[in-house]
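# Survey of secondary and tertiary structure
Spelled out, the chains give:
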Amino acid sequence: MSGGGVDERTTVRPAPVDGARAAADVDVQGIVPTFDAPWPLPGRSWIDLAVVFVLAALGLLGFGAALSGTGFLLAGLGGLALGLATGVASHALRLNAILTGLSTVVVFFLFGSALAMPSAATLGFLPNLRTLGGISVGAVFGWKDFVTLQTPLSAPAYIMTLPYVAGLVVGVVAAILAVRWLPRRPQAAVRCAVVLTGPIVLYAVGVLLGTSTPFLAAVRGIAFALIALLWLGWRPAAGRGENAAASTTAVLRRKKLVGTAVLAAFAVVAGGGAAIVATPAADSRFVLREVVTPPFDPFEYPSPLAGFRQYTKDLDETKLFTATGLKPGDRIRLAAMDSYDGRLWTVSGPSTATDGSGAFELVGDQLPAPKLLTEGPGRTVSIDITGYDDIWVPGVGYPSALSFDGSAAERSEDVRYNAQSGAAVLTTGLSSGDGYDEVSVTQAVPDDTLLATTPTAEVELPPVTNIPDIVVAKASELVGTETTPMGQLRAIEQTLRTTGFLSHGLASDSTPSRAGHGADRMAELFTRTPMVGDEEQYASAFALMARSLGYPARVVMGFAPEITAGQSSVEVTGHDVTAWVEVPFEGYGWVAFSPTPDETEIPQDQDPKPKTEPQPQVRQPPRSDNLDDSLLTEASIDDGDDDDKDDQFVIPEWVWWVAVIVGVPLSLYFIPLLAIAGAKRRRVGRRRVGSGDHRAAGAWEELVDRYAEFGYEVPAAATRTRTASALDAQLDGAPSQLASLAVLADDAVFSGQEIDRERSEELWTQSMAESDRARGALGWFERQRSRFRYRARRGLVERLQPPAAARPRRPKG
């Protein structure tokens, strides 16, 4: 091409910023992409990376205190190795901070499925929509699951994402510091210490997200401190004394080896001894899960006992579910209620939960065991749901394993389990077609003679309030002369069973029985003659009397179907609903009490109306007029038009997941790109205003800044002519207009003549043409890198000149 143009057969290759030689390829057909040669990595940096890997791995082991199994090692160590590799690659390819961050995001999504969610990945390692969405959620909310869910954690499926992300981020940051920042001053101990910040933070995170029982705390702590101290002591000194005599070097090395051995021995002996003597108690260990409220709140759902009459009235003959594997005498548990406020027995929520009541937390297939349990016969039970529709999961005893099938299998991550009460909930609710299998153990039933002198266990339960005075007075009356816990509780149980009558308030019952177990209903139970109620009232009254005597008691609701020996399965209906009371005894566990009478026929000569004889002088609570069962639970009324609801368009959930998975990486790329492009546009606009000489100087400065952004090395504090020569030298002899453009810019700036707009615009046109020519010589990858570079350094002449607005204008002529 004539006229100083670029020969299309020649490859134009810019020099890297640091002046290192770059590879050049020539294509006779045209310009081909070229890439800079990778930066070499010093041998000492490999040792630094190895130390960082070992220390970070020790920190990752801290996650083992909260996680189940060893799968977290694959996720954590895999993420750490990928992070270090990403940091080294960023150094080798000379990526800036933005491209390094984007590369980390790409690596996170590319390998996250195989390392953090291998069981859900396609073929065990390929990403799919479920794994991409899972690791995205885990990266944002995984820390919350760590500190709120029941340990050891094996669910949700994305739970391993947190150690994976932690290892990946620490690896990237530590690698960049070790290979880019540390070699600039390799003998600075402070810089070496800064490199260890990532592993130290990772170690601390493992402690905070762990449990009160640490994972090999002494071994990990001693190893971490010893390796870090040895590295800090040896590395800054490396390279010193290279010019010293060989004998002197040998003496110094022997002394350092001896000192290192002494330090290691002292660290192991002293550190191990201190760990044994000075280790604080487990309950004084600070972990975040001890101060974070669990996410599931039973108060958001109606109390199970409040719906007791719904089973006896509306669902009496409804087939709720089929249970296989039961033994005669087995009772199916729904929920254990240990909190009473004068209106309802409820399951303790996060704000009132105690060690005795426990908390509902997310668990995997393996469920933790309760603190108070004397194991009896085991059970393997299968439940198939038909007419049952609620969040409470029916189960026998205390399950140790729970696996769902059918439509509930995909919602197993919605299971919450309370190990202390043996109750489980499925927050999305069970419905017809769901099924599950459970392996459980039952509470052994000790003989009363063994419990005759046994005290109740010291179990802290939430306090009960608003107990009617008549209930407290009756409790003191019924215990009589009994002094032992079992004697007093059996006396109350026996009196209620023998003097009361059973009625569910049905039309077929001879005597009406009002529903509910509020303070007014409890007072009515003891003021009416005879006592009439069902399991709801008698269990509530017995538990309140036990609590008034200082014994921990809770009301348990469930089902008691009739099971004959050899019967393989049983159909449970609403008629089988029941309630009982449990009280814990030291060394035995929770013992069941059944205070509900069996007698349903009330003698005709007994007047069901209250007697007029004087009653004990006790203060009666205000009576409630809530006679209807439906008033026990809140009802929401929707006045909206059903046709309008049918016409509403609902965006499918998968669309949101795709938008998040695709939108986040694109946003990380395009938002910085648009911001930098806007800054460059403002830079050009600022340089194209003002006087003619200012616009001419701005054309040259814009050209130089763009060459620097393309990857060329621009001399510092050089004239325009020298800068043009230096840039031409990096073009491998390809002809350019840089020299003539430099002369024209100097003439415009220093001639002292008025530069009209046409002449300055011509300089800008030539400057942009040279910039486009240099950019076209780059490969695709280099062009993308240049989009994220921004350089806006003013030249020497521009810094010496006043701003354009304040600069005096030259007179014409």
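What counts as what
- Residues numbered from 1 in each chain as written.
- Predicted model: local features only at pLDDT ≥ 70, side-chain atom pairs only at ≥ 80, totals over all residues.
- Heavy atoms only, no water.
- Helix = DSSP H or I, 4+ residues; strand = E, 2+ residues; numbered from the N terminus.
- Buried < 20%, exposed > 50% of the residue type's maximum accessible area, 1.4 Å probe, protein only.
- 1 Å grid on protein atoms, 1.4 Å probe; cavity = no way out; pocket = protein on both sides within 12 Å on 5 of 7 lines; lining within 4 Å.
- Points joined across faces, edges and corners; volume = space filled by probe spheres on them.
- Nonpolar A, V, L, I, M, F, W, Y, C, P; charged D, E, K, R; others polar.
- Pairing = 2+ DSSP bridges.
- Axes fitted to C-alpha atoms, helices over the stretch in contact; angles between N-to-C directions.
- Salt bridge = Lys/Arg side-chain N within 4 Å of Asp/Glu carboxyl O.
- Parallel < 35°, antiparallel > 145°, perpendicular 65-115°, else oblique.
- Contact = heavy atoms within 4.5 Å.

A few words on the overall build of the protein. A count of helices and strands for the protein gives 23 helices and 18 strands. Taken over 813 residues, the protein has a buried fraction of 46%.

On to empty space enclosed by the protein. A full pass over the atoms with the stated rule returns five cavities of 30 Å³ or more. In this structure, the largest cavity spans a volume of roughly 60 Å³. If you trace the largest cavity, you find it lined by Arg333, Val393, Pro394, Gly395, Val396, Gly397, Pro399, Leu402, Gly422, Ala423, Ala424 and Glu438. Every element with two or more residues in the lining of the largest cavity is listed here: strand 8 (395-396), strand 9 (398-405) and strand 11 (423-426). Its residues placed into classes, the lining of the largest cavity shows seven nonpolar, three polar and two charged.

What the five strands build is an open sheet, ordered 9-12-6-1-16; its pairing is antiparallel. Of all the strands in the sheet, just strand 9 and strand 16 (569-573) have a single pairing partner and so form its edges. Going from strand to strand, the sheet's axes swing by 25° on average, the running direction of each strand aside. Taken together, the four bridges between strand 1 (residues 319-324) and strand 6 (residues 375-385) define a ladder with antiparallel strand orientation. The residue of strand 6 that forms the bridge with alanine 323 is isoleucine 383.

Opposite charge on two side chains lets them pair, provided their charged atoms get close. In total, this model carries 22 salt bridges according to the counting rule given. Among the salt bridges present, the one from arginine 309 reaches aspartate 534, with a minimum N-O distance of 2.6 Å. Pair noted here: arginine 309 is in helix 10 (residues 308-313) and aspartate 534 is in the loop between strand 14 (531-533) and helix 15 (535-548), with a separation of 225 residues, a long-range link. The same class applies to arginine 309 and to aspartate 534, which are both buried. The partner of glutamate 709 in a salt bridge is arginine 683, and the shortest N-O contact between them spans 2.8 Å. Here arginine 683 lies in helix 17 (residues 653-687) and glutamate 709 lies in helix 18 (residues 692-710), a separation of 26 residues in the sequence.

So, about the packing of helix 14 (residues 519-527) against helix 15. A pair of packed helices is characterised by two quantities: the angle between their axes and the separation of those axes. Interhelical geometry of helix 14 versus helix 15 gives an angle of 95° and a closest axis separation of 10 Å. As far as their axial angle goes, helix 15 and helix 14 are roughly perpendicular. Residue-level contacts link Arg521, Met522, Leu525 and Phe526 of helix 14 to Gln537, Tyr538, Ser540, Ala541, Leu544 and Met545 of helix 15. Considered class by class, the residues forming the contact of helix 14 with helix 15 number seven nonpolar, two polar and one charged.

Moving on, we get to the sheet that holds strand 11. Read from one edge of the open sheet, four strands run 5-10-11-7, paired in antiparallel fashion. With one partner strand each, in any of the chains shown, strand 5 (361-362) and strand 7 (392-393) form the two edges of the open sheet. Relative to strand 11, strand 10 (residues 415-418) runs antiparallel, the two being bridged by four bridges. Residue pairing for strand 11: valine 415 is matched across the bridge by leucine 426.

Any functional reading would require information that these geometric values do not contain.
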